[in-house]
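# Examining the three-dimensional arrangement
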Amino acid sequence: MIDKWADNAAYQIAEVYALRNDHKATFEWLDRAWTNRDPGIQQLLYGNFIRRYKDDPRLAAFCRKVRLPTPAQVEKRT
């Protein structure tokens, strides 16, 4: 998957790593998705695999970096 889709599907690769509970690789691929302007980033707060990190400060920092609300801000709204 990585060999074929690294440039076009970095967000989806991050989701796979999140599913596998590989925290380090998940956030590395999220950063790569942002660098590549992967439109999958828009699903960040809706995808079940990434949301498992909602209490991880790295996810809040990433959300701020990409100008999305943090998971805590989203929970306050609901």
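Now for a quick tour of the structure. What you see is a predicted model, and the numbers here were worked out from it, not measured in a lab.

So, about the overall build of the protein. Counting its secondary structure elements, the protein contains 6 helices and 0 strands. Relative to the 2.2 N^0.38 estimate, which gives 12 Å for 78 residues, the radius of gyration of the protein is 12 Å and therefore close to what a compact globule would have. Considered along the principal axes of its C-alpha atoms, the protein spans approximately 40 × 25 × 15 Å. Taking all 78 residues of the protein together, 40% fall into the buried category. Taken as a whole, the protein presents about 5,300 Å² of accessible surface, with 49% of it coming from carbon and sulfur.

Where helix α3 (residues 23-35) contacts helix α5 (residues 57-65), the axes come no closer than 11 Å and their chain directions differ by 0°. By the criterion of interaxial angle, the relationship of α3 to α5 is roughly parallel. Along its contact with α3, which presents His23, Lys24, Phe27, Leu30, Asp31 and Trp34, the element α5 presents Arg58, Leu59, Phe62 and Lys65.

Ranked by internal contacts, the top residues of the largest apolar core, which has 21 residues, are Tyr11, Trp29, Leu30, Leu44, Ile50 and Leu59. Elements with a contribution of two residues or more to this core: α2 (10-19), α3 and α5. The residues contacting Ile50, other than those within four sequence positions of it, are Tyr11, Ala14, Glu15, Ala18, Thr26, Leu30, Leu44 and Leu59.

With that out of the way, let us pick up the pattern of salt bridges. The final tally for this structure, using the stated rule, is 4 salt bridges. Measuring nitrogen to oxygen at the nearest pair gives 3.9 Å for the salt bridge that ties Glu28 to Lys24. In this pair, Glu28 and Lys24 are both assigned in helix α3, 4 residues apart and thus about one turn of the helix distant. Judged by relative accessible area, Glu28 falls into the partly exposed class, the value being 44%. Assessed through its relative accessible area of 59%, Lys24 is described here as exposed. Residue Arg58 pairs with Asp56 through a salt bridge whose shortest N-O separation is 2.6 Å.

Reading the values: rules and limits
Residues numbered from 1 in each chain as written. Predicted model: local features only at pLDDT ≥ 70, side-chain atom pairs only at ≥ 80, totals over all residues. Heavy atoms only, no water. Helix = DSSP H or I, 4+ residues; strand = E, 2+ residues; numbered from the N terminus. Rg over C-alpha atoms; globule rule 2.2 N^0.38 Å. Buried < 20%, exposed > 50% of the residue type's maximum accessible area, 1.4 Å probe, protein only. Areas by Shrake-Rupley, 256 points an atom, 1.4 Å probe, with all protein chains shown as cover. Axes fitted to C-alpha atoms, helices over the stretch in contact; angles between N-to-C directions. Parallel < 35°, antiparallel > 145°, perpendicular 65-115°, else oblique. Contact = heavy atoms within 4.5 Å. Core = buried A, V, L, I, M, F, W, Y, C linked by side-chain atoms within 4.5 Å. Salt bridge = Lys/Arg side-chain N within 4 Å of Asp/Glu carboxyl O.

No statement about biological role is implied by the geometric values presented.
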